[in-house]
Every structure is written in C-alpha cells, then in structure tokens.
Amino acid sequence: MMQAATMAPLITSILFVLAAATLTSSITEAAASMAPPPPCVPPPSAAAFLRARCATTAYGVACYESLIPYACTFQTSHVKLARAATDVNLAWLRGLSKRVKELAARGGTGAGAEAAALRDCASTVSSAAGLAKQSAAELAKLDAAAGAAAGRSEVRWSVSNTQTWLSASMTNEATCADGFGVAAGSSAMSVAAREVVIGVVAARERTSVALALVNGIPVPS
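The structure contained in this document is the topic of the report that follows. (Residues numbered from 1 in each chain as written. Predicted model: local features only at pLDDT ≥ 70, side-chain atom pairs only at ≥ 80, totals over all residues. Heavy atoms only, no water.)

### Here's the deal with the packing of aromatic side chains
Under the counting rule described, the total for this entry stands at zero aromatic pairs. Here the basic side chain of Arg51 rests over the ring of Tyr64, its NZ or CZ set 4.1 Å away from the ring centre. A cation over a ring is seen here: Arg206 above Trp92, with NZ or CZ 3.9 Å from the ring centre. (Phe/Tyr/Trp six-rings, centres within 6.5 Å; stacked < 30°, edge-to-face > 60°. Lys NZ or Arg CZ within 6 Å of the ring centre and 35° of its normal.)

This is how it looks when you write it as structure tokens:
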C-alpha cells in the first residue's frame, strides 16, 4: 500500500489537472459565442505577418497559435490583427469571469482568507472582462473606419483608449492573482483557488499579447 506521504503529491497533481480541465471547459463554452474563424488556409504572407508581430510580444508561441486560425481575417492588417487578439482575450475573460462567479457563489475555497480572495476575484475579473469588451469595441470601431486609413487623431484616440483599458485589465488580473498570496503550484492552495490562479495567469498572457499588438498599430503622420 502506498504511504500517505507518497499519495499526497499524486492526489495534488490529479486535482491540478481536474481544475485546469474544468476551467478550460468553462472558457471554451464562452469562446463559442465568438465568431468562428473562416474556413480557409492562411496565405503565406498572413502567416509571416503574424509570426513577425507575435515576435514583438512576450508570449510569441501562444500569440501565434491562438491567432493563426484568424489569419484569413486580418491578412496583413495591424488593426484587424489587434482586433482579433482583443476578441480572443475577451472570450477568455468572459469564460473566466463566469467560472469565478460560480465558485464564489458556491463558497469556493471554504477557508476564510481564500474565500475572501475568491470574492474579490469575482469582482476584479469581471472588471477586467468589462475593460476587454471596451477594448474590442474600440478596435471594431477603428476597423470600420478603415484602420490606418482613418485620420491621425482618430487612430491615436482609439489606440490610446485601448492601451489604457488593456493596461487596467492587466492590473485587475494581477490584483486577483495577488489576492491569494501564493503561487498556483503551492500545495497549500485549494483546488478552486488554484483553478482561478491558472485562469488569471492565462488571461494576463492574452491581455499582454493584445496590448503588444495594439502598441504596434501604426499612427499616420
């Protein structure tokens, strides 16, 4: 029979995988509301453009893999690419917000400090999702105005607004993660807390990618 000390790490690993799977399922449901990528093979120019732009982000591989399905939509447009990134980010945050609220409504972690952190996260993640929605809407408006072909003041205004909102979203995401006070891999964390931290870390990556791509939108002189 396996000793308790041997079983503990195994149980922790199993719970970690289950938490990640539950979170992914919840977010996949929310992402289903996002317009599906067009059924086409991205032209080499679009793939090369995406690879070059993703290289300017802190998460190049994740950037490329999450956005290549939409390459036929953005082709080589900086505005359309940034818009796709904000849409992907919004879909993730909506799913995460829904999941955190579910956990908070159930009492989540049960422990006093973690329960309080979970309630705070329900608020901060919801705020982050709201900011992501504003960002996506702002870029949709800029895209409709023909992107870089729009007036300089219009592009600058839209880019500035989106940068502000995405930066604020990252702050909210960080506040949520910091509220638990420990790393996601800590054995002291409950399954619910670990699930939330995993989701928030992934959200920050997506928000960071979206912000970097927005920063790359050229402003006409």
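Once you've had a look at it, read on.
### Concerning the nonpolar core
Grouped together as the largest cluster of nonpolar side chains are 30 residues, with contacts concentrated most on Leu50, Leu67, Phe74, Leu81, Leu213, Val214 and Ile217. If you tally residues by element for this core, the top one is helix α5 (residues 78–105), at six residues. What Leu81 contacts, discounting residues up to four positions off in sequence, is Phe49, Leu50, Arg53, Leu67, Phe74 and Leu213. Counting residues in each nonpolar core, the second largest holds 26 residues, with Leu90, Val100, Cys176 and Ala177 among its members. (Core = buried A, V, L, I, M, F, W, Y, C linked by side-chain atoms within 4.5 Å. Buried < 20%, exposed > 50% of the residue type's maximum accessible area, 1.4 Å probe, protein only. Helix = DSSP H or I, 4+ residues; strand = E, 2+ residues; numbered from the N terminus. Contact = heavy atoms within 4.5 Å.)

### Examining the state of the cysteines
Applying the stated rule across the entire model yields three disulfides. Through a disulfide, Cys54 is tied to Cys63; the S-S separation comes to 2.1 Å. Between Cys54 and Cys63 the sulfur-sulfur dihedral comes to about -70 degrees; the bridge is accordingly left-handed. Side by side, Cys54 and Cys63 carry an identical accessibility label, which is buried. Between the sulfur atoms of Cys121 and its disulfide partner Cys176 the distance amounts to 2.0 Å. A torsion of 105 degrees about the S-S bond marks the disulfide between Cys121 and Cys176 as right-handed. You can see Cys121 sitting in helix α6 (residues 112–144) and its partner Cys176 sitting in helix α7 (residues 152–180), a full 55 residues away along the chain. For the pair Cys121 and Cys176, one class covers both residues: buried. (Disulfide = S-S within 2.5 Å.)

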